[in-house]
Every structure is written in C-alpha cells, then in structure tokens.
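# Residue-level structure breakdown
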Amino acid sequence: MNGVTYPLWMMRLYLVLRPASDFFGQEFLVVAKEPSAKVIVDMSGTTASTTSARETAQLSMPILGKIWNAWCSPWPLSGRIIAGLASVLVVYCAILVWLGALHTSLFGHDYFIFLDGGWRVLNGQRPHVDFHTAVGPLQALYSAFAMWVAGDNVSTGFGIARAVVTLAFTLWCFLLLRGRFRPAATIAVCGMIALLAGAPFALTSSPFTQSMAMFYNRFGYVLLALIILEGFQPRQFAYLGGLSTGIAIGLLLFLKISFFCASIPLLILSLAPWNGRRVAGVAVGFFLIASGFLIWLRFDVPAVVNDIRMCAVARSTAFPVHRFLRTLERCTLGILLTLALGAIVTALNWNLRPRFLQKVQPIVLALAAVILEPVVSIANQQDAVLILMSFCCMMFAASVTHASSEARPVAAAVALVGVCMALQGCIYDLVGLVYSVQHAARHRGAPGIPRLDAPGLSSLVFEGEFSGVYKYENGPPLVKVVNDGIHLLQANTGPRDGVLALAFVNPFSAALRRPAPRGSATFFSLGMSISAGNYLPAAGLFAEVEAVMVPTYETDESGTTTAMVAQYKEVLERDYVLAAKSDFWLLYRKRIAGQ
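Cut-offs applied
Residues numbered from 1 in each chain as written. Predicted model: local features only at pLDDT ≥ 70, side-chain atom pairs only at ≥ 80, totals over all residues. Heavy atoms only, no water. Patch = residues over 30% accessible without salt bridge, like charges linked within 9 Å, V, L, I, M, F, W, Y side chains within 5 Å. Areas by Shrake-Rupley, 256 points an atom, 1.4 Å probe, with all protein chains shown as cover. Salt bridge = Lys/Arg side-chain N within 4 Å of Asp/Glu carboxyl O. Helix = DSSP H or I, 4+ residues; strand = E, 2+ residues; numbered from the N terminus. Pairing = 2+ DSSP bridges. Axes fitted to C-alpha atoms, helices over the stretch in contact; angles between N-to-C directions. Contact = heavy atoms within 4.5 Å. Expected span 1.5 Å × (residues − 1). Bend = angle between axes of the 7 residues up to and from the residue. Buried < 20%, exposed > 50% of the residue type's maximum accessible area, 1.4 Å probe, protein only.

### Let's talk about a nonpolar patch on the surface
On the surface, Phe208, Leu423, Ile427 and Val431 cluster together into a nonpolar patch covering about 350 Å² of accessible area. Inspection of the secondary structure assignment puts Phe208 in the loop between helix H9 (183-198) and helix H10 (215-231).

Laid out in structure tokens, this is it:
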C-alpha cells in the first residue's frame, strides 16, 4: 500500500480536522512509523480498509472537488482572466476616487491631524524636525499629496491618494506572490490587500460608519502582511523577495513605530534558513527607503528619536488593561484556529522540507501572529482585529496545494478553514465599501449639511451627531466650532499671523492657509502624545505664535486643554493678552511692548 510516512505524534494532529474531513466525505490515510510496526489510521479513528490511496484521495462531492481543483490549478492565467481582474481593480480604484474623503460620520476631528501635517509639508516643513508628530513622516507626505493633487477639492484629493496607494499595494502583492502561490490563492490575497488598504471606515469601527481616521493603521497592516507573505513561503527569487521585505520594513519605520517594531521579529523568524542573497536584498531595500527619508529630514535622527520617546512615555503612563483583556477575549477563536492550522501544516509539510527550522516555520509563524496581533492592537489603542492571523491562515491554505493524494482531504479542510478565517475580514470591508457607495449615491453633494468656511476645505463633508463629550468631534457641531474659530481669527488677526491651538487639533493653519508655527505638533492628547512632565518646551512651541486659541466647549480631550493651559500659564500671562472671545473660543494675542 502506498502511504505517507509520519511520526506517530504528528498523526494525532490530523484528528483535529476530523469534522472537516468528514465534511469532504473522505478517509485520510496515514502511515505512522513505530519501532516494530506500521499503523494505518483513518479520520474516523478506526482501522482503514483496503481501499486504495488513489480511490480514497478522490473527492466524493463534485462541487468541492471542482473548488479544490480550481484552488490548485497552476499558472499561467488566461489573458481573459487577467483582463477581467485588471478591470475589477480599475473600477475599484475609480470608486475610491469618487468617494473622496467620504461623508464622514466618525472621528471627524482626526482629519485636522492629516490636514495640518500635509499643509506643513506643502510649506516646506519636515516632520519631527520642524514640527512634532506621534506618527511617522509618511502620514504627512500622504496628506500633502492629497492636498496638492486636486487643488481646492481636498475631498477628491484624498480619494485619489487612497486609490493610488491601494493600486500600488495590490500590484506589489501580485508581483510578490506570482511565483510563490497558485493563481487562486494569489488572487484571493491580492483581494484581501486591496480591501484592507481601501476600505472606507476606521479599523475596529462599524462598516456602517465612514471615516479616514487612522488610515495609516490599514497601511501598516498591509505592509506587515507583505512581510509575512514573502518571508514564510519558499522563495525562487530570494534577492527580489528580500528587497520587497526591506522596502516594507523601511516604510513601516517612517509610517508608525509600533508596526516597525512588529516587523522585526517577523524578519528574524523568516531568516531561517540563512540565505545570503535574501539578506542582501533586505538590507538594500531598507537602506534605499531609510536613506531617502533621512536625507529629507537632514539626518536629524535625535529629533526623530525625541518624538518617538515622547509618544512612548505618554502612552506608558496608563496601560489599557480593560482593552487588553477585551482584545484577548475577542481574539480567542482566531488564536485557536491559527495555532491549529499552523500545527497541521507543519505536520503536512514535515517530510517536504529538508531542515528542522524550515519544518517548524508554519507553527512558528502562527505563534508569532497570535502574539503580535494583540500587541499591535494595544499599541494602536484599538480593539481586536484578526488581520495578521487572517493572512497567516490564508498562507497556510495556499501552502497545502502540493499535498499528496492521501493527504488531500486534510489539505482541502485546511484550505477551507484558512479561507473562511480570511473571509470574515473581507466581507466586513466589502460591506463598508458597498454602504459608502450607496450612501454617497443617495446623498450626492450632501445638501443641507453645513461646510467649513475655508475655500480649500469646503469639499469635506461631516455628517452625524453625537452627544455628551463627543458632540463636537464630528458632524455639524464640529463644523460649527471650527467656523466660529475661523471667523474669530479673521476678525482679530492678520493673514500671516501664526496660530497655536491648545486643543486636540489645530484646524486653523490649513483652513486659513496661514504659516503653521514651527515647534508645534499636529495634535496634542494627554496619555497619547503628552503626559505629566512630558510636554513640548515652551520656547520652541511659542516661538512663531502670534495668536493662541483655547477652546471653551466640552470634549473628551478637555483634560488635554486644561493640562496645557496649566503647563504654559506663565507664558500665556507674560507674553499674551486675551484679545477676543466667542461662543467656543478664547483668543490670546501676542502682547505688544508696553501693553
């Protein structure tokens, strides 16, 4: 009898998939070596019959058999299929452009973080060096491109930016996987990447909300996924694969430090076995990205480190215990599935890989994913997402297409579970996309919704209202307080006066197209970017400030305003005078000599 030989302990792992194997209507034959005997076991736990391996391996369900055959079909794809996929991608990107900056219903105040950073870059300032930011320079560059590419229509500009990045990530993924996965798995993973990068709502939020907030977290997960897909799959072109991973790690360093830190253990684990050409590719890719950014930042590494240190100190003051426990609870099923699939794929591929470190790579990757997933979520101050685990499971599903006829039922079950694990996130993103398209079509032009009284920002739409301390974070109330501040500044300051807001965000430099004061920050938040004893020095913060705006309305960041007013009270009283006030703001002007 023909069979695949495995150690007895591995044979027991296959029993984990007994229900899935029964679903496929198969017996799975395994020959396990013992010192003096051979044991033949099927998935029902009984002694196997004398049915041949070839007969056992055939799928009894025609539909599932066709799905499995499609999943395992080799390259190349027909020109018609490639043209169809390209058309879908083009239509998807066109939809992203059409949606623009969305009809924002959540985290609307976050937009002014992007706008302030982008406006500063457009005016020659550099992140970390000329202004402080808790995230990397990539976010400001992205926003600057969005504000530049469509002129005064900032909404369309952000749509174009999101479409360009989504297209780039999708093509990158396709080129990376074409020589590693079968066509079906390649297309599926590229679809995951496209939806993850372009979905029109914030991670962990409802798909029935619309927001660009924390878009950089989506991009960070995409780059981590590209590292996983390259590093833990057999490679034909080691140097080019390493170059891809090096570029991804370099981009993560300048996107958000938490994602960069997560990429390092993934890189280390993927180095076994050692491949000099791949390591050289990683080094070259990272050097190209890092050197480009450092040239732009004029190699002011201490300024970059200082911003990262301030953010780390601020966030370390209050560890979110409840969020951590909630994240673990919501990740439990994903953790179990990922570990189970990693163990089974390790067993399936045990005799197919020559070295021990190669043999255990799948289970090592699964362990890394289940550890990094909640860690990254907590660092991002977001609830549980199963993105890294979903990509791992999809990779496991793609890696079993070479399974022998005897192992095919279990391989098919692994593929089924892996695809289903990834499918839940794709459905979530797809629902959000469909909802946004439907909403934009029904409310095209957003009639009756108040807009910002700023020529460059009037294309932005803020919908929805909240109550309590969240009232002024979005919708017409947010527009009302920003417009109130704009009018107050226009009536009491000059067109070149630098404005500082002792608040979560400063919308006024970008809205009024004024020079943004150097030494300030794109946002202030107690426990996120500042903390007790961890404030920006007053000399740098107020150096170019002619007007200081202090909000008087209640928000969930009112504690930040109170703390900053107390911290800089001496400067305000000595160098500034209360010049005007409105329903929502106090305006302090630079004190004139003798005043």
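More follows now that the structure is in view.
### Some words on the sheet that holds strand S8 (residues 576-581)
The four strands lie next to each other as S6-S7-S9-S8, forming an open sheet whose pairing is mixed. The sheet is open, and its two borders are formed by strand S6 (499-501) and S8, each paired with just one other strand. The sheet shows a mean angle of 25 degrees between the axes of neighbouring strands, direction not considered. Of the strand pairs in this sheet, strand S7 (residues 547-551) and strand S9 (residues 585-590) are connected by five bridges, and their pairing is antiparallel. In the strand pairing of S9, Val550 is matched with Leu586. Sheet strands in contact with helix H20 (residues 475-492) are S6, S7, S8 and S9, and its direction is about 30 degrees off that of S9.

### Details of the pairing of S8
Bridge analysis of S8 against S9 gives five bridges, and the strand direction is antiparallel. If you follow Tyr576 over to S9, its bridge partner there is Lys590. Connecting S8 to the antiparallel partner S9 that follows it, the hairpin turn spans three residues.

### Observations regarding helix H15 (residues 321-348)
With 28 residues, H15 extends 39 Å between its outermost C-alpha atoms, agreeing within 8% with the 40 Å of an ideal straight helix rising 1.5 Å per residue. A maximum bend of about 50 degrees is found in H15 at Cys331.

### Points about helix H11 (residues 238-253)
Given 3.6 residues to a turn, an α-helix orients residues that are three or four positions apart in the same direction. For H11, spanning 16 residues, the distance from its first C-alpha to its last is 23 Å, which sits close to the expected 22 Å at 1.5 Å a residue. In terms of burial, H11 is a largely internal element, 12 of the 16 residues being buried. For H11, the complete set of buried residues consists of Ala238, Gly241, Gly242, Leu243, Ser244, Thr245, Gly246, Ala248, Ile249, Gly250, Leu251 and Leu252. Check the buried side of H11 and you find it contacts helix H7 (137-149), helix H8 (154-177), H10, helix H12 (257-270) and helix H13 (276-296).

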